[in-house]
Amino acid sequence: MSVSVWQQATRQETTYKCDVAVIGAGIIGSYSAYMLAQQGKRVALLESRFPAAGATGRNAGMCLMGAADNYATGVANFGREKARQLWELTRENQSKTSTFVTRFGTPAVKSGSYILAIDKQESDLLAGAYEMMRQDGFEVEYKPTDPFERGFGSAILQPADFGLDPVALVNAFITNSAPQVRLFAPAEVFAIQRGNAGQLVVEARGIQVECDRVALCTNAYSPMISPYFADKIAPVRAQILLTAPLSRRVIDRLAYVNYGYEYFRQLDDGSFLLGGGRSRHRELEVGYDEVATGWLQATLEEMLNQYFPDIVREATIVRRWGGTMGFSVDGLPLAGQLPYVPGTFAPVTRPFVPAGPYLAVETPLDPQPSGIYFAVGFTGHGLGWGMVTADAMLDMLLANASDAGLFDVRRLANKQ
Ligand SMILES: Cc1cc2nc3c(=O)[nH]c(=O)nc-3n(C[C@H](O)[C@H](O)[C@H](O)COP(=O)(O)OP(=O)(O)OC[C@H]3O[C@@H](n4cnc5c(N)ncnc54)[C@H](O)[C@@H]3O)c2cc1C
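The residue numbering used here restarts from 1 in each chain and proceeds along that chain's sequence as written. Side-chain atom pairs in this predicted model are given and counted only at pLDDT of 80 or more, local residue features only at pLDDT of at least 70, and totals for whole chains, interfaces and linings cover all residues. The basis for the side-chain values is all heavy atoms of the structure; hydrogens and waters are excluded.

A. Representation of the state of the cysteines. The disulfide definition used here is simple: a pair of cysteine sulfur atoms within 2.5 Å. Summed over the entire model, instances satisfying the criterion amount to zero disulfides. The cysteine C63 is free of any disulfide, with C217 supplying the nearest cysteine sulfur at 17 Å. Buried means the residue's accessible area, taken with a 1.4 Å probe over protein chains only, is under 20% of the maximum for its type, while exposed means over 50%, and partly exposed covers the values in between. A residue is classified by how much of its surface remains accessible, and C63, at 0% relative accessible area, is buried. There is no disulfide at C217, and the cysteine sulfur nearest it, in C211, is 13 Å away. Its relative accessible area of 9% is what places C217 among the buried residues.

B. Spatial organisation of the site of the ligand. The environment of the ligand is made up of 38 residues, and the closest members are E47, T56, M62, G382 and L383. A60 is positioned with one of its backbone polar atoms (N or O) 3.2 Å from a nitrogen atom of the ligand. Backbone polar atom of G380 to a nitrogen atom of the ligand: 3.1 Å apart, as the coordinates give it. Put simply, DSSP H or I for four residues or longer makes a helix, DSSP E for two residues or longer makes a strand, and each gets a number counted from the N terminus. Among the elements of the structure, α1 (27–38), β15 (233–243), β19 (317–328) and α8 (382–399) are those that each provide at least two residues to the shell around the ligand. Tallying contributions element by element places α8 first for the shell around the ligand, with three residues. Here the residues of the shell around the ligand are counted per class, giving 20 nonpolar, 14 polar and four charged. All domain edges in this entry derive from an automatic or database-based domain assignment. Split by domain, the residues of the shell around the ligand number at least three in each of domain 1 (10–57 + 167–232 + 330–415) and domain 2 (236–324). Whether a residue is near a molecule or strand depends on its heavy atoms: it is near if one of them lies within 4 Å of it. Under this definition, polar contacts are N or O atom pairs within 3.5 Å; protein pairs additionally need one hydrogen-donor-capable and one acceptor-capable atom, and for neighbouring residues in sequence, both atoms have to be side-chain atoms. Each residue is assigned to one class: nonpolar for Ala, Val, Leu, Ile, Met, Phe, Trp, Tyr, Cys and Pro, charged for Asp, Glu, Lys and Arg, and polar for all the others, Gly among them.

C. Up close: the pairing of strand β14 (residues 213–216). Criterion used throughout: strands pair if DSSP finds at least two bridges between them. Alignment of strand β2 (residues 20–23) against β14, held across four bridges, turns out to be parallel. Within β14, the position partnered with A21 by the bridge is V214.

D. Fine view of the domain arrangement of the protein. As far as domains go, the protein holds domain 1 (10–57 + 167–232 + 330–415) and domain 2 (236–324). Working rule for contacts: check all heavy atoms of both residues, and any pair within 4.5 Å makes them a contact. Each partner contributes residues to the interface: domain 1 has nine residues there, and domain 2 has four residues. The salt bridge definition used is simple: a Lys or Arg side-chain nitrogen within 4 Å of an Asp or Glu carboxyl oxygen. For R49, the salt bridge is made with E290, and the minimal N-O distance between the two is 2.9 Å. Linking domain 1 with domain 2 are three residue pairs in polar contact (both at pLDDT 80 or more), by the criterion used here. Partitioning the side of domain 1 that touches domain 2 into residue classes produces six nonpolar, two polar and one charged.

E. Structural context of the packing of aromatic side chains. Between 30 and 60 degrees the pair is tilted, below 30 it is stacked and above 60 it is edge-to-face, where a pair is any two Phe, Tyr or Trp rings, Trp via its six-membered ring, whose centres lie within 6.5 Å. Evaluated as defined, the whole model comprises 26 aromatic pairs. With a centroid separation of 6.4 Å and 50° between ring planes, the pair formed by F152 and F308 is classed as tilted. Here F308 lies in the loop between α6 (294–307) and α7 (309–314) and F152 lies in the loop between β7 (141–143) and β8 (155–158), a separation of 156 residues in the sequence. Residues F152 and F308 agree in their burial class; the two are buried. Each ring, one from W385 and one from F407, has its centre 5.5 Å from the other, and the planes form 85°; the classification is edge-to-face. Here W385, found in helix α8, pairs with F407, found in the segment after α8; they are 22 residues apart in sequence, far enough to count as distant. In this arrangement the basic side chain of K110 is found over the ring face of F162, its NZ or CZ atom lying 5.5 Å from the centre. Whether a charge sits over a ring depends on NZ of Lys or CZ of Arg being within 6 Å of the ring centre and within 35 degrees of the ring normal.

And the structure:
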């Protein structure tokens with residue numbers, strides 16, 4: 001994504017003045033714009049394509065509690081107390097999301113979910129995870145055998161997990177925040193500069209926005225906006241397949257399986273959605289192409305054949321799609337303030353290598369705070385993390401909070 005000088009078409013209205021420019025109209029940008037409007041701010045929401053064009057409009061719509069594949073892994077990665085705090089944040093996020101879904105009346109399936117084991121080893125891990133979750137006060141149940149009776153292992157039931165329609169939710173945030181929030185789409189942002197009077201000037205195709213603050217809600221696309229993100233966020237593809245509607249319910253809850261790598265749910269119309277398969281094709285499933293690839297779709301079909309042969313017999317696959325997730329270097333969302341105003345988009349100079357060492361946070365420090373804030377790097381869990389991360393960003397943007405708590409980007413600098 002880049003914009004040539006020839007493509008920089010102008011509209012009649014070339015400059016729009018407001019308090020905050022929010023860049024990216026996915027779940028994070030639309031929610032942030034809505035919350036800013038609630039605080040009386042005048043907002044320009046700039047989206048390069050159309051609302052929910054990115055990962056938000058392409059996901060499985062599962063709003064789950066939890067940050068990693070299971071609590072035991074979370075405890076191993078972060079330590080018991082931090083894991084508890086992180087899970088608590090996802091629980092808070094879930095309850096916020098649920099409130100908005102109810103307020104706007106967008107579709108939701110409050111069925112709960114199973115975290116399912118693929119084998120004996122994962123079953124043992126889930127038994128331990130359940131015990132720790134119970135001790136730490138999370139509402140969960142343990143099923144020692146596969147509740148679906150399809151050859152999986154044990155399961156943890158998370159009753160508050162639910163399914164939603166992410167596009168409907170994004171559109172509801174935008175509709176319910178007008179006219180305080182004005183959507184510009186398509187309007188690809190290609191430069192952010194500081195104006196002569198100290199204001200921020202956001203240049204997008206067809207419109208220029210002058211504002212006091214910017215909120216970057218561009219997840220995987222962030223390294224294309226500033227090289228600051230090049231060693232922090234990597235674009236990773238995820239894919240889904242969907243069958244024609246089935247004549248009966250084959251499962252009654254959402255499910256995550258195989259350490260979170262695969263997930264499935266049956267939609268209201270009876271169609272069956274299956275996603276994942278990436279762990280078998282890690283090197284290939286990267287980058288910005290939102291495509292369905294033969295190798296990965298074959299892996300998903302293999303799984304469908306093995307665990308759901310009855311579905312294969314009854315229904316054909318009617319849709320396949322891919323989307324781009326923004327993976328952060330340590331798997332947790334990143335919020336904060338850019339240390340400088342990027343004059344123009346710069347090329348990604350130091351791509352993030354997932355298994356590599358942490359690089360220092362760059363320091364072309366501005367003499368004054370940049371005023372450009374961000375909430376990015378959801379690592380495949382933006383519906384689980386989105387609102388609480390955006391809130392941490394907005395606390396900095398609106399109330400001058402000094403940091404973004406557990407999401408603060410500066411944690412990476414300490415991990416040398
Ligand atoms: C197949 C798949 C399944 C998933 N399933 C789940 C799930 O079940 N549960 C879950 O929690 N998460 C899931 N995720 C992850 C989730 O979708 C993301 O974490 C979440 O949508 C991120 O939201 P966002 O608003 O930060 O980013 P995005 O939705 O990617 O939005 C960023 C927006 O910025 C726009 N943009 C980029 N550059 C510019 C620019 N220069 N100017 C203007 N606009 C720009 C893009 O067009 C895009 O609309 C899944 C992802 C995929 C791909």
